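Fold and contact review
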Amino acid sequence: MSSNILITGAGGYIGGSIAAHLLAKTNGLIQKDQVIAAVRSKEQADAVSKLGIRVLQLDLSNEKDVTESVLHHNISIVIHTASVDPSIVLPLVNALGKQKQVNGGETHFIYTSGLSAFYEKTGWPVGSFKDTDPVFDTEKRIADSFLLRKTDVAVIEHAEAQGVTSFIVVPSLVYGKGSGEWNKLSVVLPLYVKASISAKAVYKFPENPRVSGVHISDLTALYGLIVEHILRGETVPSGREGYYFALAHDMFLGEVGDHLARALCDRGLISDSKTHNYSDPEAAAESLGVPAPFVQMLWDSGPDIIAELPHSIGWKPEWNKERFLQDVDDEVQAVVDLGKAKSSLVDSLLKSAMG
Ligand SMILES: NC(=O)c1ccc[n+]([C@@H]2O[C@H](COP(=O)([O-])OP(=O)(O)OC[C@H]3O[C@@H](n4cnc5c(N)ncnc54)[C@H](OP(=O)(O)O)[C@@H]3O)[C@@H](O)[C@H]2O)c1
C-alpha cells in the first residue's frame, strides 16, 4: 500500500513547518521520497525544494489537477493547511476517495481548522466542552452560521461518504518562528509586534482576555503523531470523534503585552516599557491594521475546551506559558529578521482592513 504524504500549503507557516518536522523528527519512520509538498507559486517551489523533497506547484482550485496529482503520486495521506474554503478542501477528499477506489488501501485526510469556530462570538452555543463531547453534532446543527464550522462538517461527512478517514486539527494561537522554507511567520503575534514597534508603545486589551496558544514546534509534533499512528496501522479517533484541539497552554494577553513591552524596550525599539490600553476594538483594529471582526476575536477570552485526544495519542507539548513569556523576545527577533509574513492570508487581512 502507498504511504505517500501530500502536504498542501507547504510554502506556508504551518505547512512548511510540518514538512520540516516530518523529515527531521519521526524516528526514520518517514522517508524523504514519501513526502510531497504542494505550493502555489514558482518562488515557493524553489524555496521548498531545498528540503530535497518532491515539490508540486499546484493550484488547489483546479480540481482536475488536484485529482491527477493525488493519483499520479499515489498519495494516501493528505495534510491540508492551505485554505478553509470548501471548494478547495473537498476536491482533495474526493481525490483520496478515488485513490482508494483505484489503488486500494486506506486513505487519510488531516485537515487544519481554526479555534474561532468554537468562540461564543461566532455563535458557538455550548460554552465550555470536552473534545470527547459530541462536537460534530453541535457543529452540524449550526454549520451554516460560520464558514469554519461548515467546512469541518463538510470534511467529515464527505470523507465518510468516500471511505476516507478524516482528522480535524484545530490550532489555537500559533507562535514561534516556523521551520519551513518560505513563510516562517504566523499571523497574530507578528502583527502585534509590528504594530507596537510602529506605535512606539505596547497597547493592551483592557479586558485582559485569556487565549490558548501553541508553539509551532508543538503543533507540528501533533500532526507528526497522527501521521505516525496512521503509518503504524494504529487506529486513533477519527471522523466525528477526530477533533484534535492543539491547546498547549493558556495565557492572558495582558501579560503577553507586559513582557513584549520589556523586550521591545530592552532592544531600544520603544522607549517606555509601560503599557497602555486600546480604547475600543476599532482603535485596536486600526493599530494592528486588521479588520475589526478579527480583533473582536482577540478582545474576548477564548473558549474553555478540555482537549484529551492529543494527549491520548502521545502529545506532550514542550512549550508552556512560562517558557513562552520568558522567550517572548523570540517573537520580536523573528519580526526583525523577517519583516512581514510572506503569506496571502496576512495580505488579505491587511487589504480588508484598508476597506
Ligand atoms: N497561524 C495561525 O496562528 C493559525 C491558527 C489557527 C488556524 N490557522 C489556519 O491554518 C491554515 C494555515 O495557516 P498558516 O498560518 O500556515 O498560513 P499561510 O502561511 O498563509 O499558509 C497557507 C499556504 O497555503 C497556500 N494556499 C492558499 N490557497 C491556496 C490555493 N488555492 N492553492 C495553492 N496554495 C494555496 C498559501 O499560498 P499563498 O501565500 O501564495 O497564498 C500559503 O502558502 C490557515 O487555514 C489558517 O487559517 C492558522
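Rules used in this analysis
Residues numbered from 1 in each chain as written. Predicted model: local features only at pLDDT ≥ 70, side-chain atom pairs only at ≥ 80, totals over all residues. Heavy atoms only, no water. Pairing = 2+ DSSP bridges. Helix = DSSP H or I, 4+ residues; strand = E, 2+ residues; numbered from the N terminus. Axes fitted to C-alpha atoms, helices over the stretch in contact; angles between N-to-C directions. Contact = heavy atoms within 4.5 Å. Domains from an automatic or database assignment. Buried area = accessible area lost by both parts, 1.4 Å probe. Salt bridge = Lys/Arg side-chain N within 4 Å of Asp/Glu carboxyl O. Core = buried A, V, L, I, M, F, W, Y, C linked by side-chain atoms within 4.5 Å. Buried < 20%, exposed > 50% of the residue type's maximum accessible area, 1.4 Å probe, protein only.

Paired through backbone hydrogen bonds, the strands of a sheet run either parallel or antiparallel to each other. Taken together, 7 strands build an open sheet; the order of strands is β3-β2-β1-β4-β5-β7-β11 and the sheet is parallel. A strand with exactly one partner marks an edge of an open sheet, and here the two such strands are β3 (54–57) and β11 (243–246). Across the sheet, the axes of successive neighbouring strands diverge by a mean angle of 20°, strand direction being ignored. Two elements, strand β2 (residues 35–39) and β3, share 4 bridges in a ladder whose sense is parallel. Counterpart to A38 in the pairing with β3 is L56. Seen against the sheet, helix α4 (residues 86–103) touches β1 (4–8), β4 (75–80) and β5 (108–112) and runs at an angle of roughly 165° to β4.

Moving on to the domain arrangement of the chain. The domain boundaries assigned to the chain delineate domain 1 (4–174 + 215–246) and domain 2 (180–211 + 249–303 + 319–349). Facing the 23 residues of domain 1 at the interface are 19 residues of domain 2. On the domain 1 side of the interface with domain 2, the three residues burying the most area are Y13, Y119 and L173, jointly 34% of the side's total. Seen at the junction of domain 1 and domain 2, the total is 0 salt bridges.

So, on to the nonpolar core. Grouped burial of nonpolar side chains is what soluble globular proteins tend to show. Among the nonpolar cores identified, the biggest contains 80 residues, and L6, F109, F118, F205 and F245 are the most heavily contacted of them. Here the element with the most residues in this core is α4; it accounts for 7 residues. Built from parts of two domains, this core gets at least three residues from each of domain 1 (4–174 + 215–246) and domain 2 (180–211 + 249–303 + 319–349). By size, the runner-up hydrophobic cluster in this structure holds 37 residues, among which are A19, V35, I79 and I226.

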